[in-house]
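What follows is each chain in one-letter form.
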Amino acid sequence: MTDPFSARVRADFPVFERRVGGRPIAFFDGPGGSQVPRQVADAVRDYLLMHNANTHGFFATSEETDAAIAGARERVAALLNAPWPSEVAFGANMTTLTFHLSRSLGREWGPGDEIVVTQLDHQANVAPWVRLAEDRGITVRVVPFSSETFTLDLEALDRALSRRTRLVAVGAASNAIGTVNDVAAVAERARRAGALSFVDAVHYTPHRLPDVQAMGCDFLACSAYKFFGPHVGILWGRTEHLERLTPYKVPPASDTAPERWETGTLNHEGIVGTGAAVEWIASLAGDPGRDLRESLRRAYAAIHRHESALFAQLHAGLTSMPGVRVYGPAAEGERTPTAGFTIDGVSPGEAARRLGRRGCSSGTATSTRPPSVTRWAWPIAAG
Ligand SMILES: Cc1ncc(COP(=O)(O)O)c(C=O)c1O
């Protein structure tokens, strides 16, 4: 029997009416993106049909566009607990925004400077920093993780940090194995070394309510398509950095933050949908009219309770199957409901294909190559 929370949520997702090969479908590809509720699609449609325009014009739809983007910034600021909506910039996706930011930061760095990345991170939070390092003669240091606890080795981080460190790039949660990192501890260590911290919260945001103030980081990026929104990327940065740094930007476009960080004409309908996704998550608290951040807190608590129960079932099932190996922190530990697993004698790609034919979407087999250290391959990520 479907529990009331599940029933309430599923009713908002028309996609669950679909069948594949005669079977109902099951989505296990959270690490690759979420499904979109009707309310978000309605907001996108309404924007495109009734308010579509470029920004800063002196006519109704353009003024409505400016107001809609401003409203979305406010909602995303509430989601991230950003002190100011002007600290929220939109872009194509997290990867593009991270390349964008890295080039701007790199203008000030060169030989003798160092950047720290981690082995537990998605390539989107490694490659931009490694490419920058190649361009500018910067040294990259890589922090490993424990293959027993699947958590970052903070002692190795301490050894990697020095007064030469300019930035530490760390993921808030791993989309391959579900580890949730103590980014506040990492940001604090970076700060003590005189370095900046950049947090990849793409996989964290669907599962935990981000809080840039509690994390104490300098920058954070995430993607709305992972939290029930359209394909839009989000970059948060402290005002002091967003105003001081010089982004690559076409003149004479706006030179005030956050617009100075946004290039070209944005995906307005996606941004409107992003704001609607934040509202939709908050609606799960069932207390309309409350302060948005407070509703989000309550909604995330409900999500956490629900997905923890589902994950306990998934984890117990996977670990009891002969020939299946599960990777990641302990089931009840500090983690997202994301499982990496392999099946003896079946390649990850083949396993994903077979599950797909049965209407079950799983993350595809991924292989990640960390810079300069070892090669390693991750199995299927599902969550
Ligand atoms: C942890 C993590 N970081 C970064 C990315 C890249 O995000 P985007 O597709 O928005 O560039 C992903 C996407 O799967 C991810 O899971």
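None of the values given here were measured: they were computed from a predicted structure.

1. Some remarks on the site of the ligand
- Near the ligand you find 13 residues, and of these Thr95, Asp200, Ser223, Tyr225 and Lys226 are the closest.
- Between an oxygen atom of the ligand and a main-chain N or O atom of proline 31, the distance comes to 3.4 Å.
- Separating an oxygen atom of the ligand from a side-chain N or O atom of lysine 226 is a distance of 2.8 Å.
- Relative to its free-state accessible area of 390 Å², the ligand is covered by the protein chains to the extent of 89%.
- By residue class, the composition of the shell around the ligand is five nonpolar, six polar and two charged.

2. Considering the nonpolar core
- In terms of nonpolar packing, the biggest core is built from 70 residues, with Leu80, Phe90, Val199, Leu220, Phe227, Ile281 and Leu296 touching the most fellow members.
- When residues of this core are assigned to their parent elements, the largest contribution, eight residues, is made by helix α10 (residues 268-283).
- Residue assignment places this core across two domains, with domain 1 (4-36 + 291-382) and domain 2 (47-279) each supplying three or more.
- When residues no more than four places from it in sequence are discounted, the contact partners of phenylalanine 90 are Ile69, Ala72, Arg73, Val76, Leu97, Val232, Gly233, Ile234, Glu262, Leu266, Ile271 and Thr274.
- In terms of nonpolar packing, the next biggest core, distinct from the first, is built from 27 residues, Ala89, Leu97, Ile115 and Val130 among them.

3. Focus on a nonpolar patch on the surface
- Taken together, the side chains of Leu48, Leu49 and Met50 make up a nonpolar region of the molecular surface, amounting to roughly 310 Å² of accessible area.
- Looking at the element boundaries, leucine 48 is found in helix α2 (residues 38-51).
- On the basis of relative accessible area, leucine 48 is assigned to the partly exposed category, the value being 39%.

4. Thoughts on the side chain of threonine 165
- Mapped onto the elements of the fold, threonine 165 is located in strand β7 (residues 165-171).
- Reaching out from threonine 165, the side chain makes a polar contact with the backbone nitrogen of serine 162 at a distance of 2.9 Å.
- Sequence-distant contacts of threonine 165, defined by excluding residues within four places in its chain, comprise Glu114, Val116, Ala160, Gly194 and Ala195.

5. Comments concerning the domain arrangement of the protein chain
- On domain assignment, one finds that the protein chain holds domain 1 (4-36 + 291-382) and domain 2 (47-279).
- In this structure, domain 1 and domain 2 have C-alpha centres spaced 24 Å apart.
- Domain 1 puts 36 residues into the contact, and the matching count from domain 2 is 39 residues.
- Both sides together, the interface formed by domain 1 and domain 2 hides about 2900 Å², and carbon and sulfur atoms give 61% of it.
- The tally of links between domain 1 and domain 2 comes to two salt bridges.
- For the interface between domain 1 and domain 2, the tally reads 17 residue pairs in polar contact (both at pLDDT 80 or more).
- Examining the composition of the side of domain 1 that touches domain 2, we find that eight residues originate from one element, helix α11 (residues 292-320), more than from any other.
- In terms of residue class, the side of domain 1 that touches domain 2 is built from 17 nonpolar, 13 polar and six charged.

6. Brief notes about the sheet that holds strand β8 (residues 196-200)
- Read from one edge to the other, the open sheet built from seven strands follows the order β4-β10-β9-β8-β7-β5-β6, with strand pairing classed as mixed. Two strands bound the open sheet, and with one partner strand each, they are β4 (88-91) and β6 (139-143). Across the sheet, the axes of successive neighbouring strands diverge by a mean angle of 20°, strand direction being ignored.
- Along the sheet, helix α4 (residues 94-106) makes contact with β4, β7, β8, β9 (219-223) and β10 (233-237), crossing β9 at roughly 155°.

7. A few points about the packing of aromatic side chains
- Following the criterion strictly, the structure yields seven aromatic pairs and no others.
- Residues phenylalanine 13 and tryptophan 280 carry aromatic rings whose centres are separated by 5.3 Å and whose planes lie at 90° to one another, so their mutual orientation is edge-to-face. Taken as a pair, phenylalanine 13 in the loop between α1 (4-10) and β1 (19-20) and tryptophan 280 in helix α10 lie far apart in primary sequence, 267 residues in all. For the pair shown, phenylalanine 13 and tryptophan 280 are each scored as buried.
- A ring pair is formed by phenylalanine 228 and tryptophan 280, whose centres lie 5.0 Å apart and whose planes are at 65°; its orientation type is edge-to-face. Here the residue phenylalanine 228 occupies a position in the loop between β9 and β10, and tryptophan 280 occupies one in helix α10, the gap between them amounting to 52 residues. Tryptophan 280 carries the same exposure label as phenylalanine 228, and that label is buried.

Rules of the game
- Residues numbered from 1 in each chain as written.
- Predicted model: local features only at pLDDT ≥ 70, side-chain atom pairs only at ≥ 80, totals over all residues.
- Heavy atoms only, no water.
- Near = heavy atom within 4 Å.
- Polar contact = N/O pair within 3.5 Å; in protein donor to acceptor, adjacent residues only side chain to side chain.
- Areas by Shrake-Rupley, 256 points an atom, 1.4 Å probe, with all protein chains shown as cover.
- Nonpolar A, V, L, I, M, F, W, Y, C, P; charged D, E, K, R; others polar.
- Core = buried A, V, L, I, M, F, W, Y, C linked by side-chain atoms within 4.5 Å.
- Buried < 20%, exposed > 50% of the residue type's maximum accessible area, 1.4 Å probe, protein only.
- Helix = DSSP H or I, 4+ residues; strand = E, 2+ residues; numbered from the N terminus.
- Domains from an automatic or database assignment.
- Contact = heavy atoms within 4.5 Å.
- Patch = residues over 30% accessible without salt bridge, like charges linked within 9 Å, V, L, I, M, F, W, Y side chains within 5 Å.
- Salt bridge = Lys/Arg side-chain N within 4 Å of Asp/Glu carboxyl O.
- Buried area = accessible area lost by both parts, 1.4 Å probe.
- Pairing = 2+ DSSP bridges.
- Axes fitted to C-alpha atoms, helices over the stretch in contact; angles between N-to-C directions.
- Phe/Tyr/Trp six-rings, centres within 6.5 Å; stacked < 30°, edge-to-face > 60°.

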